[in-house]
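Single-letter residue listing:
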Amino acid sequence: MKLFYHCFGGAHTSITCASIHLNFLPRDRIPKTYEFKAIPFYDKMENKELGKPVYMGQDDMGWDIYVIGMKDGKNVVIPAIKSYLNANYVSHPEALFVSALVQLHPITAIGGITSRRLGLPCIGRPMTVWGIRRSYPHLVDLVNRVKQNIAARYDYY
Amino acid sequence: MKVVYCGYRGTYGAFLLAAFHLGLYKEQDICNEKQAKKHFEICCLYGEQYGNLIYVGMDEELREIYVLGCKRYFSVIKNSQIYINRIFRLEENLCHLDVGRLEGIMPRIIGFLLARRVNRTICEKLFSYWLSRKYHIFSRKAREIKQNLKNSKMFIR
């Protein structure tokens, strides 16, 4: 089973969600800036690599966790992936897509554009961290709900 | 092997190229009114299906031919399908071809008008004009693509 956290650029919010899911980041407190910077692939996704799923690790239920950037085209890209799987006789429940763009702080968006599109990570990266720290409880809540749903649906634990 | 012809909408240039590839449209023929009408009907029915792989047929070398409407997300969809192929170990050769530049702006205008239920006859006239202009360009391109596929220059696994 594979779980894909997706967002606009696949560099910040989805990476953070995947890291919370995999316990790279704590759930009971807001992480410090250096903890975000230590996450693998944080603020690293290049524009030309959008659409490429990045493997983050395997969770305690045995699910493979991936991160993928889809620009603002999730309504096109997700059906394209699912119809491709369908054409290859892979059932949809094997791939689950979760949007990490919940309660995105505007500063995160501005920081993401500055860092990834304008190529100024020294300015953009701290802004993304600042924004994500503000919306961190929402991301933790999202991941908790995802894990609960998976556990309930697939009868884990 | 799967060959996916991609356009902003999957039923205009992408379908035309797929039809030439499969021999549904003949190179020597001139584009007649009946053919244009049938093609226009396909555009009306399936033009708005973004992200949905539409199976068109199988060519003489047993390649499966699909069309896909991918709006502005061709590169994202291409990346995602190629890497999904690897993640799920589908062992399928894939070739994505973007016909966006070749088909021009007209299909986008026609599709836009059709989606807003502007007079169908006007749209049909515009479509016939576009088809007659592009018919031989696409037939030449289809021949070129088939030759390249035969020489195995274009696919990615």
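Details of the structure are given in the entry above.
Residues numbered from 1 in each chain as written. Chains lettered and ligands numbered in written order. Predicted model: local features only at pLDDT ≥ 70, side-chain atom pairs only at ≥ 80, totals over all residues. Heavy atoms only, no water.

**Observations regarding the interface of chain B and chain A**
Selection rule: The criterion used for residue contact is that any of the two residues' heavy atoms lie within 4.5 Å. Take the accessible area each of two parts loses on contact, using a 1.4 Å probe, and add the two losses: that sum is the buried area. Salt bridges are counted wherever a side-chain nitrogen of Lys or Arg sits within 4 Å of a carboxyl oxygen of Asp or Glu. A 3.5 Å cut-off defines polar contacts: any pair of N or O atoms within that distance qualifies, except that in protein one atom must be a possible hydrogen donor and the other a possible acceptor, and neighbouring residues in sequence count only when both atoms are side-chain atoms. Starting at the N terminus, helices and strands are each numbered in turn, a helix being any DSSP run of H or I of at least four residues and a strand any DSSP run of E of at least two.
Counting residues at the interface gives 25 residues for chain B and 28 residues for chain A. Overall, the association of chain B and chain A removes approximately 2,100 Å² of surface from exposure, summing both partners, and the carbon and sulfur fraction of that is 72%. In this structure, the connection of chain B to chain A is made through 1 salt bridge. Note that B:Arg72 and A:Asp72 form a salt bridge whose closest N and O atoms lie 4.0 Å from each other. Counting every contact that joins chain B to chain A gives 10 residue pairs in polar contact (both at pLDDT 80 or more). Elements with a contribution of two residues or more to the side of chain B that touches chain A: strand S3 (64–69) and helix H3 (74–87) of chain B.

**Structural notes on the environment of A:Thr108**
All names here are of chain A. Among the structural elements, threonine 108 can be located in helix H4 (residues 106–117). Sequence separation between threonine 108 and threonine 128 is 20 residues; the distance between their C-alpha atoms is 4.1 Å. Every residue in contact with threonine 108, bar those within four places of it in the chain, is listed here: His12, Met127, Thr128, Gly131 and Ile132.

**Observations concerning the sheet that holds strand S2 (residues 54–58) of chain A**
Note: strands within a sheet are paired through backbone hydrogen bonds, in either parallel or antiparallel orientation. Residue and element names in this part refer to chain A. Threshold: We treat two strands as partners when DSSP finds at least two bridges between them. All axes here are fitted lines through C-alpha atoms, helices being fitted over the stretch that makes contact, and every angle between N-to-C directions spans 0 to 180 degrees.
The 4 strands lie next to each other as S2-S3-S1-S4, forming an open sheet whose pairing is mixed. Of all strands in the sheet, those with a lone pairing partner are S2 and strand S4 (95–99), marking the two edges. Within this sheet the neighbouring strands show an average axis-to-axis angle of 25°, counted without direction. The pairing of strand S1 (residues 2–7) with S4 spans 5 bridges and is classified as parallel. Note on S4: the bridge partner recorded for histidine 6 is serine 99.

**Observations regarding the pattern of salt bridges**
The line we're drawing: Think of it in three bands: residues with accessible area under 20% of the maximum for their type are buried, residues over 50% are exposed, and the middle band is partly exposed, with areas taken using a 1.4 Å probe on protein chains only.
According to the stated counting rule, one finds 19 salt bridges over all chains in the structure shown. Among the salt bridges present, the one from A:Glu35 reaches A:Arg29, with a minimum N-O distance of 3.0 Å. For A:Glu35, a relative accessible area of 16% gives the class buried. A salt bridge links B:Glu64 to B:Lys2, with the shortest nitrogen-to-oxygen separation between them at 3.7 Å. Note that B:Glu64 is positioned in strand S3 and B:Lys2 in strand S1 (residues 2–7), a separation of 62 residues in sequence. Residue class for B:Lys2 comes out buried when judged on its relative accessible area of 2%. When salt bridges that share partners are traced, they join A:Asp43, A:Glu46, A:Arg116 and A:Arg125 into one network.

**Thoughts on the packing of helix H3 (residues 74–87) of chain A against H3(B)**
Applicable threshold: Throughout, a crossing is termed right-handed when the near helix is turned clockwise from the far one, and left-handed when it is turned anticlockwise from it by less than a right angle. Basically, the charged four are Asp, Glu, Lys and Arg, the nonpolar ten are Ala, Val, Leu, Ile, Met, Phe, Trp, Tyr, Cys and Pro, and anything else, Gly included, counts as polar.
Running from amino to carboxyl end, H3(A) crosses H3(B) at an angle of 35°, the nearest separation of the two axes being 10 Å. Between H3(A) and H3(B) the crossing geometry is right-handed. Residues A:Val76, A:Val77, A:Ala80, A:Ile81, A:Tyr84 and A:Leu85 of H3(A) pack against B:Val76, B:Ile77, B:Ser80, B:Gln81, B:Ile84 and B:Asn85 of H3(B). Across the contact of H3(A) with H3(B), the residue classes break down as 9 nonpolar, 3 polar and no charged.

**Focus: the nonpolar core**
The criterion, for reference: Among buried residues, those of type Ala, Val, Leu, Ile, Met, Phe, Trp, Tyr and Cys that are joined through side-chain atoms within 4.5 Å constitute a nonpolar core.
Judged by nonpolar contacts, the single largest core of 37 residues is most densely connected at A:Phe4, A:Ile81, A:Leu85, B:Ile77 and B:Phe88. If you list the elements that add at least two residues to this core, you get strand S3 (64–69), H3 and S4 of chain A together with S1, S3 and H3 of chain B. The biggest single contributor to this core is H3(A), with 8 residues.

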